[in-house]
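Architecture and fold: a report
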Amino acid sequence: MTLPDLDDLIAEVDRTCDSAHRPGVQDQPDWLALLTVAAGISGQLQALADDLVEDYVEHCRMHGVSWADIGGALGVTRQAVQQRFHAPHKRYTPEMLTEGLRQAMTHMKRAAVQHRNNYLGTEHLLFGLTTTEDEGPENSAVRLMRAVGASPEKINRAVEGRLSWGASQAAERIAWTPFSRKAIAIAEERATQEGPATLIDCDHLLLGLAHIGRGLAATVLTEAGVALEALEEAFAHSRSAGDSAPKH
């Protein structure tokens, strides 16, 4: 893989900024416009670099690497790396979740415990969302998947087949991974958009996983042909039809 050098990036700024060079209009290019485009490209590169490092930090933690060793690899202290990658996870009390999501959460944690994982990754979240009961109504994530032509049962089996085995014996110390925390945060935001008293539901969390687009859950969803755009369209249709999450 050949990384772009400074000349490549400058050329990309010139190519992207249509308003910078106007022959016959001015002697000098619009330097402010060029700076704006350069700042935007720089931000995209930084975000991509941050995602790259965060992805490997997550995998290190999933495989039992200590924060001290991760900090050493990154050339910073244990405290510094924890502050950057291990922000305190917000507690989502049962009162904030629908009954369907509370049930899905039970399946998520059970899967982690049974596989002796000391983390709750996106794969556990997707597994819980697609675990259906023999009796009772389907949760909103399952209905959303069916609306886009996907099989929740097949997705559930695909996730289950990829759950890795760990060696953890402390079920009470299971921690959410960074991608999982982002997914539930997006889910909360989507619920809040429907009203400040709206409970977080399974379809909100499914959208969160799709928006993250990273982790094992995203891989399984992509392989199943579940696209974010289709989910968003089906979600909007369900809400217009009155299939909304319960309020407090």
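Here the structure is shown first, and the text comes after it.
This next bit is on the overall build of the chain. Within the chain, the secondary structure is distributed over twelve helices and two strands. Each helix and strand of the chain, placed in order from N terminus to C terminus, yields the pattern α-α-α-α-α-β-α-α-α-β-α-α-α-α. Evaluated residue by residue, the chain yields a buried proportion of 39% over its 248 residues.

Within the largest apolar cluster, 43 residues are counted, with the highest numbers of intra-cluster contacts made by Leu-101, Met-108, Leu-126, Leu-129, Ile-155, Leu-205 and Leu-206. Sorting the residues of this core by element identifies α5 (99–114), α6 (122–129), α7 (140–147), α8 (152–160), α9 (178–193), α10 (202–212), α11 (215–223) and α12 (228–240) as the ones contributing at least two each. Among residues more than four places away in sequence, those in contact with Leu-126 are Met-145, Ile-155, Val-159, Leu-206, Leu-209, Ala-217, Val-220 and Leu-221. Formed by six residues, the second largest nonpolar core is a distinct cluster that contains Cys-17, Leu-34, Val-37 and Ile-41.

Before going further, it helps to examine the packing of α7 against α8. The geometry of α7 relative to α8 is characterised by a closest axis approach of 9 Å and an angle of 110° between their N-to-C directions. Relative to α8, the element α7 lies roughly perpendicular. On α8, the residues touching Val-142, Met-145 and Arg-146 of α7 are Pro-152, Glu-153 and Ile-155. Class assignment for the residues of the contact of α7 with α8 results in four nonpolar, no polar and two charged.

Before going further, it helps to examine the pattern of salt bridges. Tallying each qualifying case throughout the model produces eight salt bridges. The residue Arg-239 makes a salt bridge to Glu-194 at a minimum N-O spacing of 3.0 Å. Here Arg-239 is found in helix α12, whereas its partner Glu-194 is found in the loop between α9 and α10, with 45 residues between them in sequence. With a closest N to O distance of 3.0 Å, Asp-203 and Arg-239 form a salt bridge. One end of the pair, Asp-203, is in helix α10; the other, Arg-239, is in helix α12, with 36 residues separating them in the sequence. Here Asp-203 matches Arg-239 in class, with each residue buried. One salt-bridge network, in which partners are shared between bridges, spans Glu-138, Arg-146 and Glu-153.

Axes are the key here: two packed helices are described by the angle between their axes and the distance separating the axes. At a minimum axis separation of 11 Å, α6 and α10 run at an interaxial angle of 145°. In terms of crossing hand, the pair formed by α6 and α10 is left-handed. Across the interface between the two elements, Thr-122, Leu-125, Leu-126 and Leu-129 from α6 touch Cys-202, Leu-205, Leu-206 and Leu-209 from α10. Grouping the amino acids of the contact of α6 with α10 by side-chain chemistry returns seven nonpolar, one polar and no charged.

With that settled, the discussion passes to the side chain of His-204. Note that His-204 resides in helix α10. Setting aside chain neighbours within four positions, we find His-204 in contact with Ala-187, Arg-190, Ala-191, Glu-194, Thr-198, Leu-199, Phe-235, Arg-239 and Ala-245.

Relative to the helices and strands, Ala-210 resides in helix α10. Residue Ala-210 is classed as buried on the basis of its relative accessible area, which comes to 17%.

A word on α8. Regarding α8, the residues found buried are Pro-152, Ile-155, Asn-156 and Val-159. Axial view of α8: buried residues confined to an arc of 100°, hence all on one face. Turned more than 90 degrees off the buried face of α8, the exposed positions are Lys-154 and Arg-157.

Our focus in this paragraph is unusual backbone geometry. Of note, Arg-116 is a non-glycine position whose phi angle comes to about 55°, a positive value. Looking at the element boundaries, Arg-116 is found in the loop between α5 and β1 (119–120).

Criteria and cut-off values
Positions within a chain are numbered from 1, following the residues in the order the chain's sequence is written. Note on the predicted model: pLDDT of at least 70 is required for a residue's local features to be given, and 80 or more for side-chain atom pairs to be given and counted; whole-chain, interface and lining totals, by contrast, use all residues. As a rule here, side-chain values come from all non-hydrogen atoms in the structure, and water together with hydrogens is ignored. Secondary structure counts use DSSP, requiring at least four H or I residues in a row for a helix and at least two E residues in a row for a strand, with both numbered from the N terminus. The cut-offs for exposure are 20% and 50% of the maximum accessible area for each residue type, with area from a 1.4 Å probe on protein chains only; residues under the lower value are buried, those over the upper are exposed, and the others partly exposed. We define a nonpolar core as any set of buried Ala, Val, Leu, Ile, Met, Phe, Trp, Tyr and Cys residues linked to one another through side-chain atoms lying within 4.5 Å. Residues count as neighbours in contact if any of their non-hydrogen atoms are within 4.5 Å of one another. Structural elements are reduced to axes, namely lines fitted to C-alpha atoms, with helices fitted over the stretch in contact, and the angle between N-to-C directions of any two is expressed from 0 to 180 degrees. Should an angle lie under 35 degrees it is considered roughly parallel, over 145 roughly antiparallel, and from 65 to 115 roughly perpendicular; all remaining angles are considered oblique. In this count, Pro and Cys sit with the nonpolar residues alongside Ala, Val, Leu, Ile, Met, Phe, Trp and Tyr, while Asp, Glu, Lys and Arg are called charged and the others, Gly among them, polar. Note on definitions: salt bridges are taken to be side-chain nitrogens of Lys or Arg within 4 Å of carboxyl oxygens of Asp or Glu. By convention the crossing between two helices is left-handed if the near helix lies anticlockwise of the far one by an angle smaller than a right angle, and right-handed if it lies clockwise. This arc is taken over the directions from the axis of the helix to the C-beta atoms.

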